[in-house]
Amino acid sequence: MNRQQKPMIYSLTFFILLATFVFAKPEQADAFSNQVIQQGAVGEDVIELQARLKHIGFYNGKIDGVFGWGTYWALRNFQYEFGMEIDGLAGQSTKDKLTKATEYDEQKVKQEMNGTQATPSGGNERESTPTGSVNVPQGYSNNDIQLMANAVYGEARGEPYEGQVAVAAVILNRLNSPLFPDTLSGVIFEPRAFTAVADGQIWLEPNEKAREAVLDAINGWDPSGNALYYFNPDTATSGWIWTRPQIKTIGKHIFCS
Amino acid sequence: MYRWITIGLLTVALISVSIWGYQTNKQKNDLYVQAENEYQRSFHELTYHMDVLNDQIATSLAMDSPEKLSPQFVDIWRVSSNAHANAGELPMGLLPIHKTEQFLAELGDFTYQTAIRNLDDDPLTDEETEQLQEFYRQSGEIRDELREAQHVALNNDLKWMDVEQALLNTDSQKDNEIVNSFQTVEDSFDNYAKGSTENTTISTDTKEHSYKNLPGDELTEEAAIKEAAKIFGKESETDWSITKSGDGAVTPMYSISYEENGVRGYVDLTVKGGHPLHLLVSRDVNEKQLSLNEGYEIAADYLSELGFDEMQLFQSSEYDQIGVYSFLYEDNGVRVFSDAVEVKVALDNGDVTGLTANNYFKNHVDRDIPEPAVSEEEARDAVNPNVTIQENHLAVIENNQGEEILTYEFLGTMDDATYRIFINAETGEEERVEKMTDAEINYDAVI
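Residues numbered from 1 in each chain as written. Chains lettered and ligands numbered in written order. Predicted model: local features only at pLDDT ≥ 70, side-chain atom pairs only at ≥ 80, totals over all residues.

**Concerning the interface of chain A and chain B**
So, point 1. Facing the 67 residues of chain A at the interface are 64 residues of chain B.
So, point 2. Among the elements of the structure, helix 3 (69–81), strand 1 (133–134), helix 7 (161–175), helix 10 (208–218) and strand 3 (246–250) of chain A are those that each provide at least two residues to the side of chain A that touches chain B.
So, point 3. Each residue belonging to the side of chain A that touches chain B can be placed in one class, and the counts come to 27 nonpolar, 29 polar and 11 charged.
So, point 4. Bridge count for strand 1 of chain A against strand 13 (residues 440–441) of chain B is two bridges, and the pairing is antiparallel. Note on strand 13 of chain B: the bridge partner recorded for Val134(A) is Glu440(B). (Contact = placed C-beta atoms within 7 Å. Helix = DSSP H or I, 4+ residues; strand = E, 2+ residues; numbered from the N terminus. Nonpolar A, V, L, I, M, F, W, Y, C, P; charged D, E, K, R; others polar. Pairing = 2+ DSSP bridges.)

Have a look at this one:
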């Protein structure tokens, strides 16, 4: 008896497993995960949120997977129309209401998203970034960030992380200072302002750390203590830099005002 | 026989090397000339613009009617902005250039402020006329200095590329005439800086005031390390390094850091009271496990643990696997924009990886916020009727003069764009309008 049952159990388990693989995925995919979605979020849930809001006519922007202002207003208006608490957060009750009131065809939406962009080539799938857009800090473009990351990497790649943030902060402090040009590129490419620009090291490919340092500086971190200048005491070429009041030393750089 | 072949080969080699050498040298010279011409253009444009500015300021002094004065100021402002860009293209570290840049920034601010004002109702004050005369004097001085340098440079065929070389080799003290005619910043930078701050009536840098909110006693190094350990949640075995800030710091602070298991922590603590100004934890962040909203809960808890009360979420954004949250202090329902605190949370395991409370400690005081003199309805009417108002708050912001003012903050939409509009709650005037930056197309995914 026992012997006969075992294969039964095996095959049963096999079928259950198979069933899970075959059926679980589509089932999961057209329902929200259980996170509360808030402004600034990125990813699959946001795509679904936007698609559902669009389906019901509250959202008329592009479905890009980034919870920006357009999505925020659409969600708030949805909450208002359906007599819910208007908080601009997609919590459980909001998601339930939305799921009931709308339809979401994931495949179709994804196809449309890919259609508007040049379709990513088959072998080069980017699972981690399914979104058509990225968050950028208020007042900056992604290319600004890239340019600054280049400068920071060229100037301070061997420095501790806070030293890299500090260099990025100096660039931003110069941008706000009357003594320096008024544009990011003006500040970075001012002759003799940065050695990495002069010797071409600014064109090295920056790493993720440099980019993160730039974002931190833009978001308000300034370990330089509001410095306008910095120099490496071992290689400093001009004497007057020593006359500036020094704020602090981070790694190999002395920051001054 | 072999000899002739060798000679032949060597001759060919010699000729090709010569040609190659000639071409390389020519290319180098071409680039040199091109770079030099860029400098020359910037310099001559700058001197030209200073000429124009000097004339225009003089003209504005002689003008009397507001209908003429406003456009004149607009023109000065435009030229000063162009000249500022020229100055930024010349090698940094020459005194007159430095001086010129500061002058141009001040002049630009002044003319902009006066040009946008209704001079019919609100004519130039005596101080402003005085300021304008001072600008006239300064512009004359700078113009003369630049003209002299320009004359020397033209007469002696001087090259800006050599200036760069001369500035680089300060050890050998090469004699360079442009540099000499200019005096390097080294000699008299401080003299100028002292002289200029006195005669400036408008401060362009409003952010630089001392810290208003640093309660507590001065900390010793040991006490500061203890405080840092508490903030990072570290045991005493951690190997800390600590340095104290120098004379240039606005407020004295300790910079404390540690490094273990690939994690680097850094914090700036004020000497007085041991308050954290900037905190950063750097490590590799793994795959995202938490939502932005869960990260927000962590950030909010973290702030109340550190003793920041009444902080409300203002903005949140997800960058890669990191959530960045911006909080504003709320004073009885009024959002205070200058008391901002930012927190960074790694969304892999929910660790707080950053805090910046610099603005909070710099600006936060117990405020006596008045009741708005203008009603919300009146303020709404002051907003462009094409903007659909979606959300509103009372808010304290800093105006262009750096004073804190009470405003109605309206968030509204027009077509696809979202705007933040501040209406002064005292006067009902529109203080500021900002367009909110939207998410940007992910070009990495497109290409």
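**Some details on the pairing of strand 7 (residues 334–346) of chain B**
Residues and elements named next belong to chain B.
So, point 1. The pairing of strand 6 (residues 322–331) with strand 7 spans 10 bridges and is antiparallel. Bridge pairing in strand 7 places Glu330 opposite Arg335.
So, point 2. Here strand 6 hands over to strand 7 after two residues, with Asn332 in that stretch at a positive phi of 50°.
So, point 3. When strand 7 meets strand 9 (residues 388–398), the two strands line up parallel, connected through three bridges. The residue of strand 9 that forms the bridge with Val336 is Val396.
So, point 4. Examined bridge by bridge, strand 7 and strand 8 (residues 352–356) share four bridges and lie antiparallel to one another. Pairing of Val345 across the sheet is with Val352, part of strand 8.
So, point 5. Counting the residues in the hairpin turn of strand 7 and strand 8 gives five residues, including Gly350, whose phi is positive at 85°.

**Considering the sheet that holds strand 3 of chain A**
By way of backbone hydrogen bonds, the strands of a sheet pair with one another, either parallel or antiparallel.
All names here are of chain A.
So, point 1. Read across the sheet, three strands follow the order 2-4-3 without closing on themselves; strand pairing throughout is antiparallel. Looking at the sheet topology across the chains shown, the edges are occupied by strand 2 (229–231) and strand 3. If you compare each strand with its neighbour and ignore which way they point, the axes differ by 25° on average.
So, point 2. Where strand 3 meets strand 4 (residues 253–256), four bridges bridge the pair, whose relative direction is antiparallel. Looking across to strand 4, one finds that Ile250 is bridged to His253.
So, point 3. Where helix 7 meets the sheet, its contacts fall on strand 2, strand 3 and strand 4, and the angle it forms with strand 3 comes to roughly 140°. (Axes fitted to C-alpha atoms, helices over the stretch in contact; angles between N-to-C directions.)

**Describing the domain arrangement of chain B**
All names here are of chain B.
So, point 1. Segmenting chain B into domains produces domain 1 (2–198), domain 2 (221–363) and domain 3 (376–435).
So, point 2. Relative placement of domain 2 and domain 3: their C-alpha centres are 31 Å apart.
So, point 3. Residue-level contacts link six residues of domain 2 with eight residues of domain 3.
So, point 4. For the side of domain 2 that touches domain 3, a count of residues per class yields three nonpolar, two polar and one charged. (Domains from an automatic or database assignment.)

**Concerning the environment of Phe103(B)**
Residues and elements named next belong to chain B.
So, point 1. Residue placement: Phe103 occurs in helix 3 (residues 95–115).
So, point 2. Its 25 C-beta neighbours within 10 Å are what place Phe103 among the buried residues.
So, point 3. Placed 23 residues apart in sequence, Phe103 and Ser80 show a C-alpha to C-alpha distance of 9.1 Å.
So, point 4. If we ignore the near neighbours within four places in the chain, the residues touching Phe103 are Gln138 and Ile142. (Buried ≥ 20, exposed ≤ 12 C-beta atoms within 10 Å, placed from the backbone.)

**Some thoughts on the domain arrangement of chain A**
So, point 1. By domain assignment, chain A separates into domain 1 (31–114) and domain 2 (142–256).
So, point 2. Here the C-alpha centroids of domain 1 of chain A and domain 2 of chain A sit 40 Å apart.

**Considerations on helix 2 (residues 66–88) of chain B**
So, point 1. When the terminal C-alpha atoms of helix 2 of chain B are compared, their 33 Å separation across 23 residues agrees well with the 33 Å that a helix rising 1.5 Å per residue should span.
So, point 2. Turning to helix 2 of chain B, its buried residues are Phe73(B), Ile76(B), Val79(B), Ser80(B), Ala83(B), His84(B), Asn86(B), Ala87(B) and Gly88(B). (Expected span 1.5 Å × (residues − 1).)

**Topic: unusual backbone geometry**
With the exception of glycine, most residues fall at negative phi, and the peptide bonds are largely trans.
Residues and elements named next belong to chain B.
So, point 1. A positive phi angle, close to 50°, is found at Asn261, a residue other than glycine.
So, point 2. Mapped onto the elements of the fold, Asn261 is located in the loop between strand 2 (253–260) and strand 3 (263–270).
So, point 3. For Asn261, a count of 6 C-beta atoms within 10 Å puts it in the exposed group.
So, point 4. Here Glu310, not a glycine, exhibits a phi torsion of approximately 60°, which is positive.
So, point 5. Tracing the chain through its elements places Glu310 in the loop between helix 9 (292–305) and strand 5 (311–319).
So, point 6. Residue classification places Glu310 among the partly exposed residues on the basis of 13 C-beta atoms within 10 Å.

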